[in-house]
Amino acid sequence: MAPIIKIEDLEKTYENGFQALKGVDLDIEEGEVLALLGPNGAGKTTLISIICGLAKATKGKVTVGGHDISHDFRKAREMIGLVPQEMSIEIFERVQANVRHSRGLFGKPRNDEYIERVLKDLTLWDKKDNRIRELSGGMKRRVMIAKALSHEPRILFLDEPTAGVDVELRKEMWDVMTELKKSGVTIILTTHYIEEAEAMADRVGVISKGELLLVEETDTLMKSLGKKMLEIELDEPIDALPEALAARGVALGEGGATLEYYYDTAAEKTGITDLLAEVRKAGLTMSDLSTRQSSLEDIFVDLVAQQKEKDEETAA
Ligand SMILES: Nc1ncnc2c1ncn2[C@@H]1O[C@H](COP(=O)(O)OP(=O)(O)OP(=O)(O)O)[C@@H](O)[C@H]1O
């Protein structure tokens, strides 16, 4: 099946000369949930803005449902609903009227039945006559989604849907997204949170410094990323790592006073118990133990290094 969105060699250089996107190629399949994961300033919003026609690409091509966004913008845009990062909402308007108005902006004929369904799906129906300012933060977010869905788009962009919200509201937003996915809408969300990508997405695209480093099935990616490091502080520094520990994949930290061991959090056996026994057997005394989750930053460093290796292998 042809992808619903096709992005080819997309580049964006802002007027001040800053290059925010570098040669991005990406196919998005109909019905999937794709998370674009990346730190602040990676280029996620820029990418979304170009697809939605809010910014112009410097180079490259984007088609939405086969419509080229630069030649056939209206048709392409009609297929898209956008929930922007900033909460931009007319707080004095009433819920149903406001959502209905959004539909009108796309030139679509009035369809009260459809709007009713959207509001019911988002559990906003009993608030339909309330002014938006009277709603809770979670409800306001849902009104923004209802507005984005008002013209029956097949694709929904959610730009950092849970940035700065509490855990409860994050879970609520995840439930909303799960329901939307069931209805067949293609969802593209941007996020800083690995857990969010893991919970929601079929595929994850990792973006950093304007480059799409990889796009991978979420399960595959999480298996390779779900690592923790166990750090063992030694009473006395050592010059060389005992053979038996090296064989278990342990590394000696700088200065010889720590042992570092990476393990897979998803694995049935982490190997920690055996490792600690081995440390004792080697006659080493521990003064402290700690673990730390690989951070998004570590993961990017890893990914960039892996990507470089792969590129060099291909070039060789
Ligand atoms: N209008 C602009 N002019 C110049 N530079 C810009 C402009 N808009 C964005 N940038 C820069 O482009 C880069 C990418 O920004 P973008 O907002 O796309 O990142 P992001 O991944 O969405 O980040 P965040 O997660 O913080 O929203 C940043 O370095 C940003 O400062």
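Residues numbered from 1 in each chain as written. Predicted model: local features only at pLDDT ≥ 70, side-chain atom pairs only at ≥ 80, totals over all residues.

- An unreviewed UniProt entry lists the protein chain under the name ATP-binding cassette domain-containing protein, from Maritimibacter harenae.

### Observations concerning the sheet that holds strand 1 (residues 5-13)
Turning to step 1, where the next piece is worked out: The strand order 2-1-4-5 describes an open sheet built from four strands, whose pairing is antiparallel. The sheet is open, and its two borders are formed by strand 2 (19-28) and strand 5 (67-68), each paired with just one other strand.
Turning to step 2, where the next piece is worked out: For strand 1 and strand 4 (residues 59-64), the ladder comprises five bridges, and the chain directions are antiparallel. If you follow Ile7 over to strand 4, its bridge partner there is Val62. (Pairing = 2+ DSSP bridges. Helix = DSSP H or I, 4+ residues; strand = E, 2+ residues; numbered from the N terminus.)

### Quick look at the packing of helix 5 (residues 137-149) against helix 6 (residues 167-182)
Turning to step 1, where the next piece is worked out: Contact pair helix 5 / helix 6: the axes reach a minimum separation of 10 Å and the direction vectors enclose 25°. Of the possible angle classes, the one that applies to helix 5 and helix 6 is roughly parallel. In this structure, the crossing between helix 5 and helix 6 has a hand that is right-handed. Taking contact as the criterion, the partners of Gly137, Gly138, Arg141, Arg142 and Ile145 in helix 5 are, on helix 6, Leu169, Glu172, Met173 and Val176.
Turning to step 2, where the next piece is worked out: Here the contact of helix 5 with helix 6 is built from residues that sort into four nonpolar, two polar and three charged. (Axes fitted to C-alpha atoms, helices over the stretch in contact; angles between N-to-C directions. Parallel < 35°, antiparallel > 145°, perpendicular 65-115°, else oblique. Left-handed = near helix turned anticlockwise from the far one by under 90°. Contact = placed C-beta atoms within 7 Å. Nonpolar A, V, L, I, M, F, W, Y, C, P; charged D, E, K, R; others polar.)

### Remarks on the pairing of strand 4
Turning to step 1, where the next piece is worked out: Sheet topology note: the strand 4/strand 5 ladder contains two bridges and is antiparallel. Considered in strand 5, the bridge of Thr63 is made with Asp68.

### Let's talk about the site of the ligand
Turning to step 1, where the next piece is worked out: Taken together, Tyr14, Asn16, Phe18, Ala20, Gly38, Asn40, Gly41, Ala42, Gly43, Lys44, Thr45 and Thr46 form the complete shell of residues around the ligand.
Turning to step 2, where the next piece is worked out: Take the shell around the ligand: its biggest share by element is three residues, from helix 1 (residues 44-51).
Turning to step 3, where the next piece is worked out: For the shell around the ligand, a count of residues per class yields four nonpolar, seven polar and one charged. (Near = placed C-beta within 6 Å.)

### Overview of the nonpolar core
Turning to step 1, where the next piece is worked out: With 60 residues, the main nonpolar core has Ala35, Ile51, Val64, Ala146, Leu156, Phe157 and Ile187 as its most contacted residues.
Turning to step 2, where the next piece is worked out: Examining the composition of this core, we find that six residues originate from one element, helix 5, more than from any other.
Turning to step 3, where the next piece is worked out: The contacts of Phe157, once residues within four sequence positions are left out, are Ile48, Cys52, Ile80, Leu82, Val83 and Ile188. (Core = buried A, V, L, I, M, F, W, Y, C linked by C-beta atoms within 7 Å. Buried ≥ 20, exposed ≤ 12 C-beta atoms within 10 Å, placed from the backbone.)

### With respect to the environment of Arg117
Turning to step 1, where the next piece is worked out: Locating Arg117 in the fold gives a position in helix 4 (residues 112-121).
Turning to step 2, where the next piece is worked out: In sequence terms Arg117 and Lys44 are 73 residues apart; their C-alpha atoms lie 31 Å from each other.

### Focus: helix 4
Turning to step 1, where the next piece is worked out: Ile115, Val118 and Leu119 are the residues of helix 4 that are buried. Relative to the axis of helix 4, the buried residues are bounded by an arc of 95° and lie together on one face. Residues of helix 4 that are exposed and angled more than 90 degrees away from the buried face: Glu113 and Lys120.
Turning to step 2, where the next piece is worked out: Summarising the contacts, the buried residues of helix 4 are in contact with helix 3 (95-105) and helix 5.
Turning to step 3, where the next piece is worked out: Thr123 lies just past helix 4 and shows a positive phi near 45°. (Arc of directions from axis to C-beta.)

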